[in-house]
Amino acid sequence: MIDSHAHLDLADFDHDRATLFQQMHVNGIETALIPGIRESNWSKQIAIANEFNCYFALGIHPWYVPDDIPKSLDALNHHIGIHNADDNFVALGECGLDKLKGWGQPQIELLTGQLGMAIDWNLPVILHAVKAHPELLASLKTYQNQKGGVIHGFYGGPELAQSYIKLGYKLGIGGLLMNPHAKKLHKTVTEVDIKHFIIETDSPSMTPYNSVEKRNTPLQLSNFVQKIANLQKKTTVFILEQLDRNVSQLFEL
Ligand SMILES: [Zn+2]
């Protein structure tokens, strides 16, 4: 199992990171993909990805729109140039749109700059999308990326899911699935072919509904797999194999 989206570089994990990785291995979670969120975090992020054998992506999250967007995009382009040949560098992101935090034209400028860059570098993209699906879909139609990507932390019904799938994107399924009120998402995971999903936790955020621990960790993954298997009416072994194949295919692992 691979956690396809976990911010294990953040300070929340500084005190027990090595122990957590040990526990992950014991529980069959081989590794994680650590997405980038902003320039000031990239060097620690890459160091941790290298130390713990994680995959990583580089990008600028929509919550951290920089004052000088062209300058930050130049810095991103430069860093991708440095790491493009690294075996564990696999994607551009996370980037995206968020109507609940820092919403405005600069988010779109930052996103489209990164979508264009991903195409130039031939990289899949990791996308964050909160309440901005029409705008994100419009941008993805303008910047058609052959490598596709993932709508991480996906929440939506089968119709919305299909609009992304048609454009070549996978859906990142995480802790929201465990919420009994997440009816639309349950419908999507029940009806949509398993080949379009990958799993993720978004640790330390998106702690599942029923969790006793406040901090989310990749150790939650097996609960999500179980839940997907129940909804799809398949065995967990089958679901695990499929999810593994999907993440490997998307990020060419
Ligand atoms: Zn994230």
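Reading the values: the criteria
- Residues numbered from 1 in each chain as written.
- Predicted model: local features only at pLDDT ≥ 70, side-chain atom pairs only at ≥ 80, totals over all residues.
- Heavy atoms only, no water.
- Helix = DSSP H or I, 4+ residues; strand = E, 2+ residues; numbered from the N terminus.
- Polar contact = N/O pair within 3.5 Å; in protein donor to acceptor, adjacent residues only side chain to side chain.
- Contact = heavy atoms within 4.5 Å.
- Buried < 20%, exposed > 50% of the residue type's maximum accessible area, 1.4 Å probe, protein only.
- Phe/Tyr/Trp six-rings, centres within 6.5 Å; stacked < 30°, edge-to-face > 60°.
- Lys NZ or Arg CZ within 6 Å of the ring centre and 35° of its normal.

Focus on the side chain of Gln107
- Within the secondary structure layout, Gln107 lies in helix H4 (residues 105-121).
- Of the polar contacts made by the side chain of Gln107, one reaches the backbone oxygen of Lys101; its length is 2.8 Å.
- If we skip the residues at most four places from it in the chain, Gln107 touches Pro62, Val65, Gly96, Leu97, Asp98, Lys101 and Gly102.

A short note on unusual backbone geometry
- The omega torsion of the bond from Gly93 to Glu94 falls at 10°, within 30 degrees of zero and hence cis.
- Structurally, Glu94 can be placed in strand S4 (residues 89-98).
- Of note, the amide linkage connecting Ser203 to Pro204 takes the cis form, showing an omega dihedral of 5°.
- Residue placement: Pro204 occurs in the loop between strand S8 (197-199) and helix H8 (221-232).
- Of note, Asn122 is a non-glycine position whose phi angle comes to about 65°, a positive value.
- Locating Asn122 in the fold gives a position in the loop between H4 and strand S5 (125-130).
- Using a relative accessible area of 48% as the deciding quantity, one classes Asn122 as partly exposed.

Re the packing of aromatic side chains
- Under the counting rule described, the total for this entry stands at three aromatic pairs.
- Ring plane angle 10° and centroid distance 4.5 Å describe the contact between Phe21 and Phe52, whose orientation is recorded as stacked. Of this pair, Phe21 sits in helix H1 (residues 17-26) while Phe52 is found in the loop between helix H2 (39-51) and strand S3 (55-58), placing the two residues 31 residues apart along the sequence. The pair Phe21 / Phe52 is uniform in exposure class, with both members buried.
- Each ring, one from Phe154 and one from Tyr164, has its centre 6.4 Å from the other, and the planes form 85°; the classification is edge-to-face. Here Phe154 is found in the loop between strand S6 (149-152) and helix H6 (158-166), whereas its partner Tyr164 is found in helix H6, with ten residues between them in sequence.
- The exposure class of Phe154 is buried, given its relative accessible area of 1%.
- Its end group placed over the ring of Trp63, Lys101 keeps NZ or CZ at 3.9 Å from the ring centre.

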